[in-house]
Amino acid sequence: MSSSGGGGGGGFVLPPALRAFAASPTGFILGLILTPLLNGVEGAVEKVLWAINYVFFGHSRSSTIGDLGLVDVPVVIANTLIDAGSAIGDPVLTVVGSGVQLLIDFFNWTGPAGLLGAAIVFAIVVVAYSSAIRTAIEIALDFIPGGGAFIN
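Rules of the game
- Residues numbered from 1 in each chain as written.
- Predicted model: local features only at pLDDT ≥ 70, side-chain atom pairs only at ≥ 80, totals over all residues.
- Heavy atoms only, no water.
- Salt bridge = Lys/Arg side-chain N within 4 Å of Asp/Glu carboxyl O.
- Helix = DSSP H or I, 4+ residues; strand = E, 2+ residues; numbered from the N terminus.
- Buried < 20%, exposed > 50% of the residue type's maximum accessible area, 1.4 Å probe, protein only.
- Axes fitted to C-alpha atoms, helices over the stretch in contact; angles between N-to-C directions.
- Parallel < 35°, antiparallel > 145°, perpendicular 65-115°, else oblique.
- Left-handed = near helix turned anticlockwise from the far one by under 90°.
- Contact = heavy atoms within 4.5 Å.
- Nonpolar A, V, L, I, M, F, W, Y, C, P; charged D, E, K, R; others polar.
- Phe/Tyr/Trp six-rings, centres within 6.5 Å; stacked < 30°, edge-to-face > 60°.
- pLDDT = per-residue confidence, 0-100.
- Polar contact = N/O pair within 3.5 Å; in protein donor to acceptor, adjacent residues only side chain to side chain.

In this section: the pattern of salt bridges. Note on pairing: side chains with opposite charge can pair once their charged atoms come close. Taken as a whole, this structure holds 1 salt bridge when the rule is applied. A salt bridge links arginine 134 to glutamate 138; the nearest nitrogen and oxygen atoms lie 3.3 Å apart. In this pair, arginine 134 and glutamate 138 both sit in helix H4 (residues 112-142), 4 residues apart, roughly one turn of the helix. Residue classification places arginine 134 among the partly exposed residues on the basis of a relative accessible area of 44%.

The following block contains the structure:
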């Protein structure tokens, strides 16, 4: 081993961890201490965000099958109201429709003047049905506190 003045040597190289420590001892120690702490904080934040997501969206985001979240509550209520409306409205429409069909058949039998009468009766039925629906909606909204403001 000959040394020709100067400081270079050719053989010994520090490992990367020792070079990082030699370059900045404070940064190395802070990194050594803070890395596991920040990883722990990241894990805790991830669990908190998962819990919040679970409360709002439930177990399944695509449908209301499984655990329900807060977002699914309006969907379930709307589906229940639609089903209830269908259960009530289908028989009413069947009765009204059969009555209208009987009138149309009668006025078809009576001729062209009967068609005018059928149109008048049909208009009266539509007005009566729409006013009955509006009354039913107003009654339903009266059960909700402050719901009467929705109609206006």
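Okay, back to it.
This brings us to the packing of helix H3 (residues 72-110) against H4. As a packed pair, H3 and H4 sit with axes 7 Å apart at the nearest point and diverge in direction by 165 degrees. Relative to H4, the element H3 lies roughly antiparallel. Judged by the twist between their axes, the crossing of H3 over H4 is right-handed. Only Pro112, Gly114, Leu115, Gly117, Ala118, Val121, Phe122, Val125 and Tyr129 of H4 make contact with H3, whose side of the interface consists of Val92, Leu93, Val96, Val100, Leu103, Phe107, Asn108 and Thr110. Tallied by class, residues from the contact of H3 with H4 come to 13 nonpolar, 4 polar and no charged.

With that settled, the discussion passes to the environment of valine 55. With respect to the secondary-structure elements, valine 55 resides in helix H2 (residues 25-57). For the pair valine 55 and valine 71, spaced 16 residues apart in sequence, the C-alpha separation works out to 8.8 Å. Those residues in contact with valine 55 that lie beyond four places of it in its chain are Gly69 and Leu70.

In this structure the tally under the stated criterion is 1 aromatic pair. With a centroid separation of 5.3 Å and 15 degrees between ring planes, the pair formed by tryptophan 50 and tyrosine 54 is classed as stacked. In this pair, tryptophan 50 and tyrosine 54 are both assigned in helix H2, 4 residues apart and thus about one turn of the helix distant. Residue classification places tryptophan 50 among the exposed positions, given a relative accessible area of 56%. Classification of tyrosine 54 as partly exposed rests on a relative accessible area of 32%.

Let's shift gears to the confidence of the model for the protein. In this model, the protein carries an average pLDDT of 77, and 84% of its residues clear a pLDDT of 70 or more. For the protein, the element scoring lowest by mean pLDDT is helix H5 (residues 148-151), at 63; H2 scores highest, at 83.

Moving on, we get to the environment of serine 98. Considering the arrangement of structural elements, one finds serine 98 in helix H3. There is a polar contact of 2.9 Å between the side chain of serine 98 and the backbone oxygen of valine 95.

Helix packing for two helices is described by the angle between their axes and how far apart those axes are. Contact geometry of helix H1 (residues 16-23) with H2 gives a least axis separation of 5 Å together with a crossing angle of 120 degrees. Classed by the angle they form, the pair H1 and H2 counts as oblique. For the pair H1 and H2, the contacting residues are Ala17, Ala20, Phe21, Ala22 and Ala23 in the first and Pro25, Phe28 and Ile29 in the second. A class-by-class count of the residues in the contact of H1 with H2 yields 8 nonpolar, no polar and no charged.

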